[in-house]
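Fold and geometry: a report
Each chain, written out:
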Amino acid sequence: MKARKVIIMGAAGRDFHNFNVYFRDNEEYEVVAFTATQIPDIDDRKYPAELSGKLYPDGIRIYPEEKLVSLIKENNVDDVILAYSDLWNHTVMDKASIVLAAGANFKLMGHKITMIKSKKPVISICAVRTGTGKSQTTRRVCEILKNKGIKAVAVRHPMPYGNLVAQKCQRFETYDDLNKHKCTIEEREEYEPHIDRGTVVYAGVDYQTILAEAEKEADVVVWDGGNNDMPFFQPTLAITVADPHRPDHEIDYYPGQVNAIMADVLIINKVQTADIKNVERVRKNLKKINPNAVFIDAASPITLTPKEDAELIKGKKVLVIEDGPTLTHGDMRYGAGYLAAQDAGAAEIIDPRPFAVGSIKETYKNYSHLEKILPAMGYGDTQTRELEETINNSDCDAVVGGTPINLQRIIKTDKPIVRVRYELQEITKPDLEDLIEERILSNLTKV
């Protein structure tokens, strides 16, 4: 039988995973190309032969998504698989229309053929959009398990933007590991807070290999999701986080709505800073699509570290830096740093755009909704240097860092950087500890 020709549309994450678990060594299909978007500088490389299996001795080329139609026609492609996340439902159908008009089938892959079954219990933390509060929820889950004497290992959704062979299976336990693996700012934002709390983190490209390694040292595997993608592992307890600062996004974005429907637990986060009408709107939407889930209201109170640093903000001109993906394809206009600057009495939150250079300036062109916020873009050394130059160019007295990391480990500046922190606090009962005790720990005890 002639193999069906396939293109996988991705962003260096779900696309590689779907290939690894379904298409690699599958003689019924020929993957002729990957396409890439969302992340800068990932669209001119190969998925390497070392990871591609016996059918692809030369690897598989990765192209910009803009070349999708020509690739379909030139290769007489049968099927195009959409394999990335944080897309408006309307955008998904726009892409489907383009693919169908070019003559190929447009497909999405479900969890039956993409989720890996673990030997250990798995708690998954996913979201309806990026920037809802997955990270602090994951930290909270790991903290609960640690306090119960249970060894939790976090496995993070992939961010392999460098050497894919070297990134096949990565383990992070110390800051030296971050340097060894040449982590980007985005990776550091996810790994550092776990390292600070003594939680081992795995990530990379091949999640079958990664899961096997994590299972060797974990009592419970905690899936730390990225964007609003579905988990790669079959969850024992599925938690999905929603954001009342973006009401209706829980039913308007792919695949966040899938996560909401599949969830055992739905957390409505940030209720302390959101309009109560939006909180209830989100609750109504979620109850309609998943009435059987357990609902938890939660806050993510914002604090400055140290508290005395608030004096560096009060009455001053400040530059606010926020988590990059939350602002860019997450569509947020502000984050924890902006709210902290307001609360601390900043005289002015400056517009960073006049000071932006290189790819940072290009980011503002691509995401025109950003105004008085600097996204912490740092996908590689060049972009990190451009972020540093943008900060140093800025006419401000201080910098408010709303990212989860200490930027001073990476950025050299004579401007004081005030760190903003936020941790999850459940407000309603049952809370996460109750549910983990009931759904996870009781079964561990039986075993």
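Let me sum up the structure you'll find in this document. (Residues numbered from 1 in each chain as written. Predicted model: local features only at pLDDT ≥ 70, side-chain atom pairs only at ≥ 80, totals over all residues. Heavy atoms only, no water.)

**What about the side chain of Thr184?**
- Of note, Thr184 is situated in the loop between α6 (175–180) and α7 (185–196).
- Among residues more than four places away in sequence, those in contact with Thr184 are Tyr161, Gly378, Tyr379 and Gly380. (Helix = DSSP H or I, 4+ residues; strand = E, 2+ residues; numbered from the N terminus. Contact = heavy atoms within 4.5 Å.)

**Observations concerning the environment of Ile60**
- Following the sequence through the fold, Ile60 ends up in strand β4 (residues 60–64).
- Sequence-wise, Ile60 and Ala33 are 27 residues apart; in three dimensions their C-alpha atoms are separated by 5.8 Å.
- In this view, Ile60 contacts Phe19, Val31, Val32, Ala33, Phe34, Arg45, Lys46, Tyr47 and Ser52; residues no more than four positions away in its chain are not counted.

**Focus on the sheet that holds strand β9 (residues 152–156)**
- Strands sit in the order β10-β11-β9-β12-β8-β13-β15-β16-β23 across an open sheet of nine strands; the sheet is mixed. Single-partner strands in this sheet number two, and they are β10 (169–172) and β23 (425–426).
- In this sheet, strand β11 (residues 201–204) lies alongside β10 in antiparallel orientation, the contact comprising four bridges. Within β11, the position partnered with Phe172 by the bridge is Val201.
- Against the sheet, helix α5 (residues 134–147) engages β8 (122–127), β9, β12 (220–224), β13 (237–242), β15 (265–268) and β23, with an angle of about 160 degrees to β8. (Pairing = 2+ DSSP bridges. Axes fitted to C-alpha atoms, helices over the stretch in contact; angles between N-to-C directions.)

**Some points on the packing of aromatic side chains**
- For the structure shown, the criterion picks out 16 aromatic pairs.
- Residues Tyr207 and Trp223 carry aromatic rings whose centres are separated by 5.8 Å and whose planes lie at 70 degrees to one another, so their mutual orientation is edge-to-face. With Tyr207 in helix α8 (residues 207–215) and Trp223 in strand β12, this pair connects stretches of sequence that are 16 residues apart.
- Judged by relative accessible area, which is 1%, Tyr207 ranks as buried.
- For Trp223, a relative accessible area of 0% puts it in the buried group.
- Where Trp223 meets Phe232, the ring centres are 4.9 Å apart and the plane angle is 35 degrees; that geometry is what we call tilted.
- For Phe232, a relative accessible area of 0% puts it in the buried group. (Phe/Tyr/Trp six-rings, centres within 6.5 Å; stacked < 30°, edge-to-face > 60°. Buried < 20%, exposed > 50% of the residue type's maximum accessible area, 1.4 Å probe, protein only.)

**Quick notes on the pairing of β9**
- Counting buried positions along β9 yields five of five residues, so the element is predominantly enclosed.
- Of the pairings in the sheet, the one linking β9 to β12 comprises five bridges and is parallel in character. For Ala154, the partnering residue across the bridge sits in β12 and is Val222.
- Examined bridge by bridge, β9 and β11 share two bridges and lie parallel to one another. Counted as the bridge partner of Ala154 is Val201 from β11.

**With respect to the packing of α5 against α7**
- For the pair α5 and α7, the least separation of the axes is 11 Å and the interaxial angle reads 25 degrees. Taken together, α5 and α7 sit at an angle that is classed as roughly parallel. For α5 against α7, the interelement crossing comes out right-handed. Packed against α5, whose contacting residues are Ser135, Thr138, Arg139 and Cys142, the element α7 presents Glu190, Pro193 and His194 at the interface.
- Residues belonging to the contact of α5 with α7 are distributed by class as follows: two nonpolar, three polar and two charged. (Parallel < 35°, antiparallel > 145°, perpendicular 65-115°, else oblique. Left-handed = near helix turned anticlockwise from the far one by under 90°. Nonpolar A, V, L, I, M, F, W, Y, C, P; charged D, E, K, R; others polar.)

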